[in-house]
Amino acid sequence: MAMITESKIYCGPCESQHSTNVAERWCPNCDEGLCSKCMEYHKVSKSSRMHKTITIENFTTLPDFVRNIDHVCSNHENALDLYCSVHEKVCCMDCISAEHSECPGITSLTKVVQGVKESAFYHSVVKNIEDLTEFATKLQTNRKNNVAKLQQEKDLLTGVVKSKRTEITSHLDKLEVHLLQNLDFTITLESQQIKKAVSHLQKKICTLNEYKNHISAITDTATDMQAFLALKEINKNVVHEEETMLCVKESTGMKETSVRIQFAKEIEGLVKEIQLMGNVELKKISTNLHFPGTKSQLVKNLSNIQPGRENIKLTFVKHVLLDGHYVFGLSVESDCLVAAVRNTGIHFINYSSGKILKILPCDIDLLSYVHMIGENSLITDYEKDILYCRNRDGETVWTYSSDTMKGPRNMCTDTVGNIFVAAFVSDSIIAISSNGKDGKKILGVEDGLKNPKAVCFSAMTYTLLVVSQTGTALKYNLSYS
């Protein structure tokens, strides 16, 4: 490749002659720049006269990863002019000999890329980008709207919180007024009783002072007889006052009184136990925006597929040597796991909890495999060469058998309802209609099959994988034509 600097691209042929001339055109086929002089030779040379060149300005607008695509094999230094459809890889002749000699469908790269800019693949990629961009934009708008919605909900809930706080505060204010009124009434009542006691005591003090004054007068002027009789009278009154004093001492107004407040348990709990006024809770649900990507496109394409067995076409991809064998007798549909247990029956198990939902006794001695298809189960009888379709109550919906299906074992279904059964004894894969009315052999010994034990379908890659007793796996692309 010609040397590229930040500002200039130099002519490749000139560089090979130790000269640096600025390129004016770029040849994608030669993967190098050309000056005006070399461009003239390039136009008339037999090897390059058919090459289409572009201006350097147009070349520099290409993304870096496009400009850096190699046209020469980095391992063998040969032109990358072949394409392996099995590995989806550009190759040179030496690559084919070394790594792809057994791959079918080796094609000229020129033939593969011819008309690619007008091809359905080109428009599909562009459409997918446009759809994905549109979807991302919708998601972006959806998320922005969600932020605005959250802000609105925040404002609303802030008002709700403040309203609840006002409601609580208002209620507490009322309780406070009532409690303080009760406190005032209690203090007033108690104070009145104490003051009444004080007033009564004041009267007794005055009476006693009066008796004291009488004695003083008697002492100064009365005769002894008068003093004796007067003192006896005064003493009798003082004894009476003493007796009444004891009553006064035990009266309500004479009790040492203090006051305190015992808050209600709910108020104490409000302070001690209630640590939060509330909790902020988020509710999350998946957006209902429809994703328009390749999966949706696949579903759209599948809706146009003709499900007939005659339309099934299998293209061999590769075989893989596996260690060990596939586990059999298990199938999952929604949240239900179903297992074929020989000598016991069909077990229906909750996939999430592992709880056995029910066990259906089975009349099949050599119960082999089970596969869920909607509400029904497909069950193979290895000894009698029968495929059963039974509902969850164990009732037979339909059966299928044929001379080409001997020793049926594992089975699977595709997205349009076809049932594929691995027939171990007859070395074949049988495709059966969803209602069990007809079927046909689609793979056999002539395809390299030997004792197929398991078959598996991938809806994501639309491939069928067949595994033999020896552990060899054959992979096929599944299509309908």
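Scroll up to find the structure this text is about.
Predicted model, so just to flag it, every value in this text is computed and none were measured. (Residues numbered from 1 in each chain as written. Predicted model: local features only at pLDDT ≥ 70, side-chain atom pairs only at ≥ 80, totals over all residues. Heavy atoms only, no water.)

(A) Summary view of the side chain of Thr380. By secondary structure assignment, the location of Thr380 is in strand β13 (residues 376-381). On the accessibility criterion, Thr380 (0% relative accessible area) is buried. Within the structure, Thr380 has its side chain in polar contact with the backbone nitrogen of Tyr369 (distance 3.1 Å). Within the structure, the side chain of Thr380 is placed 3.0 Å from the backbone oxygen of Arg409, a separation counted as a polar contact. Setting aside residues no more than four positions away along its own chain, Thr380 makes contact with Leu366, Leu367, Ser368, Tyr369, Ile386, Leu387, Pro408, Arg409, Met411 and Val421. (Helix = DSSP H or I, 4+ residues; strand = E, 2+ residues; numbered from the N terminus. Buried < 20%, exposed > 50% of the residue type's maximum accessible area, 1.4 Å probe, protein only. Polar contact = N/O pair within 3.5 Å; in protein donor to acceptor, adjacent residues only side chain to side chain. Contact = heavy atoms within 4.5 Å.)

(B) Representation of helix α8 (residues 224-249). Under the 1.5 Å per step criterion, the end-to-end length of α8 is 36 Å for 26 residues, consistent within 8% with the ideal 38 Å. Elements that come into contact with the buried residues of α8 comprise α7 (120-221). (Expected span 1.5 Å × (residues − 1).)

(C) Representation of the sheet that holds strand β5 (residues 89-91) within the structure. Reading across the sheet, the 3 strands line up as β5-β4-β6 and stay open at both edges, with antiparallel pairing between neighbours. Lying at the two open borders of the sheet, with one neighbouring strand each, are β5 and β6 (106-108). The average undirected angle you get between the axes of adjacent strands in this sheet is 35 degrees. (Pairing = 2+ DSSP bridges. Axes fitted to C-alpha atoms, helices over the stretch in contact; angles between N-to-C directions.)

(D) Structural detail: unusual backbone geometry. Not every positive phi belongs to a glycine, and Asp385 is a case in point at roughly 60 degrees. Checked against the element boundaries, Asp385 lands in the loop between β13 and β14 (386-390). By relative accessible area, which is 15% here, Asp385 ends up buried. The backbone phi angle of Asp427 is positive, close to 50 degrees, even though this residue is not glycine. Take Asp427: it is sitting in the loop between β17 (419-423) and β18 (428-432).

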